[in-house]
Amino acid sequence: MPPMPSSQSLVRDVAACKQSDRQEKLQQFMAAEGHDTTPRHDVSNVQYYPQAALTEKQRVIVNLDATALVKCIQKSVYTSTETLMAFVTVAIRAQDVTNCLTESCLRDAFARAEELDQYLRQTGEVVGPLHGLPVSVKDHIKVKGLDTSSGYTAWAYKTVANSDALVVSILRKAGAIIYVKTQNPQTLLSLETNNNVFGRTLNPYNRKLTSGGSSGGEGALIACRGSPIGVGTDIGGSVRIPAAHCGLYALKASVARLPHSGLSGSHDGMDAIIGCVGPLARSASDLELFCRVMLDAKPWLSEPPLLEMPWKTDVALGQGLPEKLVIAILYDDGVVAPHPPITQALRRYEAELRKAGHEIILWEPLDHQKGWDLIMKLYFLDGGAEYHEVLCAGGEAPVPQTQWILDQIQDPRPFTVREIFHLNVERETFRARALEHWNATKTSVGRPVDAILCPVAPTLAPPHDTTSWWSYTSHWNLLDLPAVVFPAGQYSATQPLSHDVLLHSPRNNVEEKIARQWDPATYESAPIGLQLVGRRHNEERLLAILKIIEGVVPPDVPGLAMEGGANGVNGHH
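The numbering scheme is per chain: residues are counted from 1 as the chain's sequence reads. This being a predicted model, a pLDDT of at least 70 is required before a residue's local features are given, and a value of 80 or more before pairs of side-chain atoms are given or counted; all residues contribute to the totals for chains, interfaces and linings. Processing note: side-chain calculations cover all non-hydrogen atoms of the structure and skip hydrogens and water entirely.

(A) Summary view of the overall build of the protein chain. Across its full length, the protein chain carries 18 helices and 13 strands. Only C-alpha atoms enter the radius of gyration, while the globule expectation follows 2.2 Å times N to the 0.38, with N the number of residues. What you see for the protein chain is a C-alpha radius of gyration of 23 Å, in line with the 25 Å of a compact globule of 573 residues. Classification of residues uses two cut-offs on accessible area relative to the type maximum, computed with a 1.4 Å probe and protein chains only: under 20% is buried, over 50% is exposed, and between them is partly exposed. Residues counted as buried form 60% of the 573 residues belonging to the protein chain. Summarising the internal contacts of the protein chain: among those between residues at least 6 apart in sequence, 81% fall at separations of at least 24. Methods summary: accessible areas were calculated by the Shrake-Rupley approach with a probe of 1.4 Å, and residue burial reflects only the protein chains presented. Total accessible area on the protein chain stands at roughly 21500 Å², and carbon and sulfur atoms take up 53% of it. Positive charges come from Lys and Arg, negative ones from Asp and Glu, while His and the chain ends are left out of the count. By convention, charge coordinates are those of NZ in Lys, CZ in Arg, CG in Asp, or CD in Glu. Positive and negative side-chain charges in the protein chain, numbering 52 and 62 respectively, have mean positions lying 2 Å apart. Helix and strand labels come from DSSP, where a helix needs a run of H or I of at least four residues and a strand needs a run of E of at least two; each type is numbered from the N terminus. Contacts were defined at the residue level, with two residues in contact if any of their heavy atoms lie within 4.5 Å.

(B) Focus on the packing of aromatic side chains. Aromatic pairs are defined between Phe, Tyr and Trp rings, using the six-membered ring for Trp, whenever the two ring centres lie within 6.5 Å; interplanar angles under 30 degrees are classed as stacked, those over 60 as edge-to-face, and all others as tilted. Using the criterion set out here, one finds 12 aromatic pairs in the structure. Here the aromatic rings of tryptophan 372 and tryptophan 470 are separated by 5.6 Å at their centres, their planes lie at 65°, and the arrangement is edge-to-face. Linking tryptophan 372 in helix 12 (residues 368–379) with tryptophan 470 in the loop between strand 11 (451–455) and helix 16 (471–479), this pair joins segments that are 98 residues apart in sequence. We note that tryptophan 372, like tryptophan 470, is buried. One aromatic cluster in this structure is built from Trp372, Tyr379, Trp404, Trp469 and Trp470. Only Lys NZ and Arg CZ are tested; either one counts as a charge over a ring when it is within 6 Å of the ring centre and within 35 degrees of the ring normal. Lying across the ring of tyrosine 157, lysine 18 places its NZ or CZ 4.6 Å from the centre.

(C) Broad picture of the sheet that holds strand 11. Being paired, for any two strands, means DSSP has found at least two bridges between them. As summarised here, the arrangement of the 11 strands in space is 1-3-2-6-8-7-12-13-11-9-10, forming an open sheet in which the pairing is mixed. In the strand order of this sheet, the two ends are held by strand 1 (101–104) and strand 10 (359–362), each with one partner. When the angles between neighbouring strand axes are averaged without regard to direction, this sheet yields 30°. Across 2 bridges, the pairing between strand 7 (residues 249–252) and strand 8 (residues 276–281) is antiparallel. Directly across from alanine 250, in strand 8, lies its bridge partner leucine 280. Angular values range over 0 to 180 degrees, each being the angle between N-to-C directions of two axes fitted as lines to C-alpha atoms, with helices fitted over their stretch in contact. On the sheet, helix 5 (residues 106–123) packs against strand 1 and strand 3 (177–182) and is oriented at approximately 155° with respect to strand 3.

(D) The UniProt feature "active site" (unreviewed entry) in the protein chain, seen in detail. UniProt positions are given in the numbering used here, feature names are shortened, and annotations may be inferred rather than shown by experiment. As recorded in UniProt, the sites labelled "active site" (unreviewed entry) are Lys138, Ser214 and Ser238. Their sequence span is 101 residues, while the largest C-alpha to C-alpha distance among them is just 10.8 Å; these annotated residues converge on one region. The subset of the named residues that lines the largest pocket consists of Lys138, Ser214 and Ser238. For lysine 138, the position within the fold is in strand 2 (residues 134–138). For lysine 138, the residues in contact, after removing those within four places along its chain, are Lys181, Thr182, Asn184, Leu188, Ser214, Ser215, Glu218, Val231, Gly232, Thr233 and Ser238. For the purposes of these results, a polar contact is taken to be a pair of N or O atoms within 3.5 Å, where, inside protein, one atom must be able to donate a hydrogen and its partner to accept one; residues adjacent in sequence count only when each atom of the pair is a side-chain atom. Within the local environment of lysine 138, its side chain forms a polar contact with the side chain of serine 214, the two groups lying 2.5 Å apart. Residue placement: serine 238 occurs in the loop between strand 6 (229–234) and helix 8 (240–246). Excluding residues within four positions of it along the chain, serine 238 makes contact with Lys138, Leu188, Ser190, Leu191, Gly213, Ser214, Ser215 and Thr233. In the cavity and pocket records, a cavity denotes points on a 1 Å grid over the protein atoms alone where a 1.4 Å probe fits but cannot get out, a pocket denotes an open set with protein on both sides within 12 Å along at least 5 of 7 lines, and lining residues are residues with an atom within 4 Å of a point.

Next up, the structure:
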């Protein structure tokens with residue numbers, strides 16, 4: 001039962017109750033082998049631990065991407081039930097070491113898996129393209145019968161969903177099995193995942209670092225191989241940052257393409273900047289699979305703001321692309337230069353793409369500071385009032401990253417209607433200038449740019465509570481351009497860095513702060529992610545371009561080597 005409100009004990013009691021409920025639901029499915037083997041708290045890299053209890057067959061299952069898994073299930077190589085059991089086993093152990101889960105519906109999930117297995121045995125057919133595929137979803141996405149506290153104490157036990165979000169409904173009809181929900185931060189508007197209900201989510205590659213946000217629970221879970229594919233949301237980088245920090249793929253689509261109804265969060269009805277649903281996954285083909293399933297379901301018939309734009313499979317396969325691409329590289333947004341490993345990764349891609357005959361030009365950044373100042377106003381049209389009200393209703397204080405974003409509000413009063421009209425004009429003017437800038441950026445022979453290759457953030461996964469510059473992601477939200485993040489390796493402090501990627505003298509206070517963060521030892525084992533940006537509503541073309549790039553520079557996905565014993569004695573420190 002939920003605790004009774006109390007001005008002194010509400011936050012503590014709600015947190016204890018929610019965490020106890022979570023543990024009780026997971027306890028029933030924990031492996032018999034003792035959880036006393038959980039790595040010590042001083043062990044930073046726990047990427048090996050979640051798979052330690054698996055059989056060899058289960059290990060193969062959880063290391064397949066979603067695209068391969070659905071084919072294997074369809075061919076009866078694996079059953080839906082044994083596939084689900086493998087991922088549940090890993091998910092529970094991932095929770096042990098990263099604190100990535102919130103709600104679960106495991107009994108219902110296994111019942112559904114058995115139904116799907118029986119249907120396939122009896123008919124020889126699958127119910128849909130995702131038959132038997134376990135899918136995790138971010139906490140604020142509604143799943144019928146599960147709480148949707150969304151990182152707020154005030155909403156805990158008061159927001160049990162009476163229906164599925166549209167994206168969840170489509171997934172179920174396609175044969176997917178929903179089994180866990182994952183952590184998001186307090187307020188959701190944060191690039192780290194921490195709240196007063198469930199606590200902080202850690203990065204499995206280095207627990208001293210953040211897993212990102214706001215879809216940080218998804219990032220940590222999928223990185224641990226506790227889910228083959230997950231659903232997050234993005235209004236300023238919230239699927240792309242966790243993907244980059246956790247060595248995954250993610251897609252932020254243009255707002256009017258993927259279904260977004262049935263989510264719980266602050267600022268319902270605010271449409272100055274709209275968040276979008278997006279997948280986090282193990283491969284680029286998984287992103288394509290997710291989008292195809294969503295758009296084959298014709299979500300525009302159920303969600304009025306969506307455009308009727310069916311998925312163009314032929315374009316996603318590369319039809320219409322030139323033999324040689326023109327890629328613009330943004331090395332520096334003009335405000336905060338990225339840390340050396342990110343610059344070095346971009347240099348490597350530039351060299352390899354040039355060698356393969358593709359044309360590379362430098363992208364001139366377009367007013368990233370002005371864009372940041374504008375989007376901050378558009379995020380907080382009410383001056384942050386709703387955030388303060390919900391926090392106050394729950395008797396809770398803002399966690400550090402919430403306080404940081406609230407501190408960015410230059411004027412805490414709500415904007416007037418007339419001022420909002422002016423801001424909307426400013427937003428559309430900014431977008432028009434950006435489109436003109438793209439059209440004017442051409443090669444010497446007049447070829448337009450096919451895509452922009454750029455950082456996802458100025459740092460690799462940073463230490464907790466230190467994220468402080470979003471413009472490498474939020475800039476594209478402001479412009480409503482699609483962006484895909486992909487893994488480009490894993491940092492080691494033993495790797496040499498060339499002299500020309502070292503930091504320059506800071507140009508402003510924000511850059512000075514981030515430059516001071518650079519210390520090779522801090523980012524040990526952190527994944528390196530890069531971002532590819534395309535034209536609006538051109539998600540298929542963007543994924544096709546990524547496929548060509550990965551044909552030149554093969555995917556460099558951080559591995560999950562079984563290093564050291566499960567007790568962490570010989571693991572990474």
